[in-house]
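Okay, here's what each chain looks like letter by letter:
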Amino acid sequence: MQLTREARCAHTRGAAGLSPFTRTLLTLCLIAAPALAGVLPEDRADVLWHSYNGGDITIQGPSVLVRKKVSDNLSLSANYYEDMISSASIDVKLSASPYHETRKQESVGADYLHGKSTYSAGFITSKEPDYKANTSYFSVSQDMFGDLTTLTLGYRRGWDRIYEDRKDSQTQQIVTDTIFYNGRPATADHRGYSLSLTQILTRNAILGFNYELLTDQGYLANPYRKIRYLSPGQGAGFTLADQVYPNTRTSNAASVQLKYYLPYRAALTGQYRFFHDTWGILAHTVELDYTHPAGKHWILESSLRYYTQKHADFYSDLFPRADYQNFMARDRELAAFHSYTLGAGASYQFMVPGVHWISKSSANLRVDHLLVDYSDFRNALLAGTYGAGNEPLYRLNANIFQVFVSIWF
Amino acid sequence: MKNRIAAIAALAIAVPALAGSASGPAPQFTLSARGGRDVSLAQYHGQVVMINFWASWCGPCRQEMPLLESIYKKYNKLGFTLLGVNVEPDSQAADDWLKATPVSFPILYDKESKVSKLYDVAGMPSTVIIDRRGKLRMLHRGYKPGDENEYLDSIRSLIRE
Amino acid sequence: MRVAPVKLMRAVTAALLLAALAGCAAPTPWVKPYEREHFADPIMSFNRDPVSSTYLQHVFETREGAHGATGSVGGGCGCN
């Protein structure tokens with residue numbers, strides 16, 4: 001069973017294990033007795049159906065969220081999410097066989113308001129046959145400078161267990177094998193430290209800034225993907241071999257968002273994110289969004305996102321020979337590419353007649369079209385026609401649909 | 001060392017929390033009110049006046065309104081009045097909300113934020129209580145369920161003066 | 001537990017005192033609480049539909065090398 005990265009994303013959002021600095025900051029937040037206070041998130045419930053279709057992969061599923069204040073200071077939330085994957089992607093076709101799989105994710109969270117500080121904590125668990133991931137997070141958010149500024153510090157910790165599925169040749173059943181990495185069952189450990197700041201600039205503009213430091217350790221590769229190296233005269237001119245990844249990764253990401261209120265009631269958002277890690281990946285993300293209410297009931301949205309990435313140091317589409325270097329990967333997520341995403345959404349706000357405990361509700365539709373242009377990842381399935389290393393560069397087109405209903409109470 | 005930091009910081013944060021008392025004569029003003037006529041603070045000299053600065057877009061303000069309505073109904077005949085000063089430049093949203101959640105106390109429109117500035121409104125909602133002689137006696141910023149008890153204590157003692 | 005270098009401890013002290021002073025000696029908020037109606041408007045929220053934005057972030061993170069720095073909190077309406 002081929003497993004692509006999309007099937008095993010562990011949503012990271014932090015956890016316990018506090019540094020002395022964090023402990024001190026938390027202590028003083030607890031002691032403060034403010035005259036003013038912040039506001040907890042609204043009570044709501046959302047039911048969403050998502051669908052991704054592109055590159056011969058289809059992933060669909062539900063996402064259900066419920067959030068409710070259980071007292072004046074405490075808000076609880078829970079989310080159930082599924083990815084039902086049907087994959088015959090280019091990677092699957094190259095070195096495995098098409099598969100179907102479901103990934104289930106459950107998460108719970110709590111937000112506690114004490115004066116101007118909000119403490120949030122939560123736990124996320126993701127399960128699929130060959131990947132189990134648990135993440136916990138903790139963050140503190142503080143309003144300051146007359147509530148024009150909000151500072152948030154967060155910590156998250158993730159623990160993953162990675163397995164490998166294969167089809168038993170005799171029984172034809174899928175068997176989940178333990179991967180042995182450095183003599184022990186394969187695991188991965190993730191830690192994230194984040195700092196966020198939101199700042200009201202003027203009556204019409206607000207600025208957001210985020211910085212995140214992430215460290216990953218352990219088995220970080222995809223067990224199903226393979227590298228290829230030139231082997232003239234053999235097969236299609238190349239031979240597949242196992243990937244070898246480093247066992248650590250440290251990443252830095254920083255982003256800025258600016259939201260501006262237009263006088264006729266509309267919002268314009270500009271975002272930029274910078275990413276760099278110890279694997280040599282350098283990425284820039286730029287996004288522009290426009291939100292336009294129309295009439296009493298409609299809110300329309302459109303967005304354009306541009307993403308560009310330089311490949312990881314140990315990535316290559318085609319290595320010159322076997323065991324060319326210590327670390328080798330051909331995962332297209334680590335390749336050099338540009339991507340464009342064009343999105344549009346429509347939201348219809350309405351009141352449910354006769355049901356008084358629902359204060360408002362909305363029906364929403366969102367469509368995004370994703371276009372990825374790889375600069376150094378080739379369609380290896382065409383090696384027979386073009387020769388290994390001369391195949392056309394791979395291009396991916398995908399359509400993403402979201403349909404959801406939200407109610408507030 | 002860490003304890004010292006925590007202590008300094010905690011003290012510095014705790015200090016402003018104590019702020020909230022008000023003093024001196026209440027600034028005079030006249031604003032147009034719901035129903036068309038103009039209302040001025042001077043009209044209520046001799047009564048205990050509670051001014052609540054609110055906006056329809058502010059969640060805690062909306063939450064507080066029904067409680068203010070019951071306070072007004074209870075104490076109005078004892079020489080107490082409540083003025084709801086709406087701070088929105090465009091009163092349409094406030095009027096729409098009041099249609100759904102009506103109140104019987106006067107609603108004044110501070111469209112140019114003149115009175116908000118006069119009273120140095122530093123939080124939404126903000127409530128001030130003025131005694132029978134026109135002096136500021138209480139300033140309360142924000143609203144959390146339970147705050148109405150503070151208002152009631154203040155009103156009861158000021159009515160007796 | 002590692003002992004933090006002296007320079008780092010000084011920076012931390014400075015940051016904490018600054019945060020603490022934010023309560024009492026802060027610059028007067030140049031956008032008054034009663035002028036923040038736009039930030040209470042859902043269209044000005046950084047995260048209006050969390051289920052939807054979380055899902056899209058997930059779609060990108062699984063296909064790209066970059067991740068992180070996507071969350072954004074706050075944007076207070078000045079209430080409470």
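In this text the structure is predicted, and so the values were computed from the model without any measurement. (Residues numbered from 1 in each chain as written. Chains lettered and ligands numbered in written order. Predicted model: local features only at pLDDT ≥ 70, side-chain atom pairs only at ≥ 80, totals over all residues.)

Helices and strands together make up the secondary structure of chain C, namely two helices and zero strands. By the burial criterion, 51% of the 80 residues in chain C qualify as buried. (Helix = DSSP H or I, 4+ residues; strand = E, 2+ residues; numbered from the N terminus. Buried ≥ 20, exposed ≤ 12 C-beta atoms within 10 Å, placed from the backbone.)

Okay, the overall build of chain B next. Each helix and strand in chain B was counted, giving five helices and seven strands. Listing each helix as α and each strand as β along chain B from the N terminus yields α-β-β-β-α-β-α-β-α-β-β-α. Taking all 161 residues of chain B together, 37% fall into the buried category. When contacts within chain B are restricted to residue pairs at least 6 apart in sequence, those whose partners lie at least 24 apart make up 68%. (Contact = placed C-beta atoms within 7 Å.)

On to helix α5 (residues 148-160) of chain B. The terminal C-alpha atoms of α5 of chain B lie 19 Å apart, and with 13 residues this matches the ideal 18 Å at 1.5 Å per residue to within 8%. Residues of α5 of chain B that are buried make contact with β3 (48-54), α2 (59-75), β4 (80-86), β6 (126-130) and β7 (136-141) of chain B. (Expected span 1.5 Å × (residues − 1).)

Below, the discussion takes up the sheet that holds strand β2 (residues 38-40) of chain B. Residue and element names in this part refer to chain B. Pairing in this open sheet of seven strands is mixed, and the strands run β2-β1-β5-β4-β3-β6-β7 from one edge to the other. For this open sheet the edge positions go to β2 and β7, each flanked by a neighbour on one side alone. On average, each strand axis in the sheet is inclined to that of its neighbour by 30°, with strand direction left out of account. Contacting β3 and β4, α2 crosses the sheet at an angle of about 155° to β4. Strands β3, β4, β6 and β7 of the sheet are contacted by α5, whose axis makes an angle of about 155° with β3. (Pairing = 2+ DSSP bridges. Axes fitted to C-alpha atoms, helices over the stretch in contact; angles between N-to-C directions.)

Below, the discussion takes up the pairing of strand β4 (residues 99-114) of chain A. Residues and elements named next belong to chain A. Bridge count for strand β3 (residues 74-87) against β4 is 14 bridges, and the pairing is antiparallel. Within β4, the position partnered with Leu76 by the bridge is Ala110. By the bridge criterion, 11 bridges tie β4 to strand β5 (residues 117-128) in an arrangement that is antiparallel. Bridged to Gln105 within β5 is Ser126.

Attention now moves to α2 of chain B. Residues and elements named next belong to chain B. Here α2 is 17 residues long and its end C-alpha atoms lie 25 Å apart, about the 24 Å a rise of 1.5 Å per residue gives. When the local axis directions of α2 are compared, the greatest deviation, roughly 35°, occurs at Met65, which is followed within four positions by the proline Pro66. The complete set of buried residues in α2 reads Pro60, Cys61, Glu64, Met65, Leu68 and Tyr72. Close packing links the buried residues of α2 with β3 and β4. (Bend = angle between axes of the 7 residues up to and from the residue.)

What follows deals with the confidence of the model for chain B. Close inspection of predicted coordinates is inappropriate for parts of the model with low pLDDT. Counting all residues, the mean pLDDT for chain B is 87, and 87% of those residues have values of 70 or more. Confidence over residues 9-19 of chain B falls short of pLDDT 50; this stretch has 28 contacts with residues more than four positions distant or in other chains. (pLDDT = per-residue confidence, 0-100.)

Further remarks concern the environment of Val256 of chain A. Residues and elements named next belong to chain A. Inspection of the secondary structure assignment puts Val256 in strand β15 (residues 248-262). Note: C-alpha distance between Val256 and Leu207 (49 residues apart in sequence) is 7.3 Å. In this view, Val256 contacts Phe209, Gln271 and Tyr272; residues no more than four positions away in its chain are not counted.

Okay, the pairing of strand β6 (residues 131-144) of chain A next. Residue and element names in this part refer to chain A. Extensive coverage of β6 is indicated by the burial of 11 of its 14 residues. As judged from the 12 bridges shared by β5 and β6, these two strands associate in the antiparallel manner. Opposite Tyr119, over in β6, you have Val140 as the bridge partner. The loop that links β5 with its antiparallel partner β6 comprises two residues. By the bridge criterion, 14 bridges tie β6 to strand β7 (residues 149-167) in an arrangement that is antiparallel. Its bridge partner lying in β7, Asp143 is registered against Thr150.

Residues and elements named next belong to chain A. Positionally, Pro129 belongs in the loop between β5 and β6. Put simply, Pro129 and Ser169 are 40 residues apart on the chain and 19 Å apart in space, counted from C-alpha to C-alpha. Residues within four places of Pro129 in sequence aside, it is in contact with Glu101, Asp165 and Thr176.

All names here are of chain B. At a closest axis distance of 11 Å, the pairing of α2 and α5 adopts a crossing angle of 20°. Judged by the inter-axis angle, α2 sits roughly parallel to α5. Here α2 runs over α5; the crossing is right-handed. Mapping the contact onto sequence places Leu67, Ile71 and Tyr75 in α2 and Glu148, Tyr151, Leu152, Ile155 and Ile159 in α5. Looking at the contact of α2 with α5 residue by residue, the class counts come to seven nonpolar, no polar and one charged. (Parallel < 35°, antiparallel > 145°, perpendicular 65-115°, else oblique. Left-handed = near helix turned anticlockwise from the far one by under 90°. Nonpolar A, V, L, I, M, F, W, Y, C, P; charged D, E, K, R; others polar.)

Attention shifts here to the nonpolar core. Taken as a class, soluble globular proteins show a tendency for nonpolar side chains to be buried jointly. Residues Ala55 and Val85 of chain B are the most contacted members of the largest nonpolar core, which totals 47 residues. Among the secondary structure elements, those contributing two or more residues to this core are β3, α2, β4, β5 (107-109), β6 and α5 of chain B. Broken down by element, this core gets its largest block of residues, six residues, from β3 of chain B. With residues up to four places along the chain from it excluded, the contact list for Ala55 of chain B reads Cys61, Asn86, Val87, Glu88 and Met124 of chain B together with Tyr34 and Glu37 of chain C. Core analysis: the next-biggest nonpolar cluster, separate from the first, contains 45 residues, Ile281, Ala312, Val372 and Tyr394 of chain A among them. (Core = buried A, V, L, I, M, F, W, Y, C linked by C-beta atoms within 7 Å.)

Within the secondary structure, Ser255 of chain A sits in strand β15. Taking the C-alpha atoms as reference points, Ser255 of chain A and Gln325 of chain A, separated by 70 residues in sequence, lie 34 Å from one another. Leaving out residues up to four positions away in the same chain, Ser255 of chain A has contacts with Asn210, Gln271, Tyr272 and Arg273 of chain A together with Ala69 and Thr70 of chain C.

Let us now look at the confidence of the model for chain C. Residue and element names in this part refer to chain C. Model confidence for chain C is summarised by a mean pLDDT of 74, while 55% of its residues fall at 70 or above. Every residue in residues 72-76 is under pLDDT 50, and counting partners more than four places away or in other chains gives 25 contacts. Among the prediction metrics, the complex's ipTM stands at 0.89, with pTM recorded as 0.85.

With an omega dihedral of -5°, the bond running from Met124 of chain B to Pro125 of chain B counts as a cis peptide bond. For Pro125 of chain B, the location among the structural elements is in the loop between α4 (114-118) and β6. Its identity is not glycine, yet Phe145 of chain A carries a phi of approximately 55°, on the positive side. Its place among the elements puts Phe145 of chain A in the loop between β6 and β7. Owing to 19 C-beta atoms within 10 Å, Phe145 of chain A belongs among the partly exposed residues under this scheme. Positive phi values are uncommon outside glycine, yet Arg265 of chain A reaches one of about 70°. Along the chain, Arg265 of chain A turns up in the loop between β15 and β16 (266-277). C-beta crowding within 10 Å serves as the criterion here: with 14 such atoms nearby, Arg265 of chain A is assigned to the partly exposed category.

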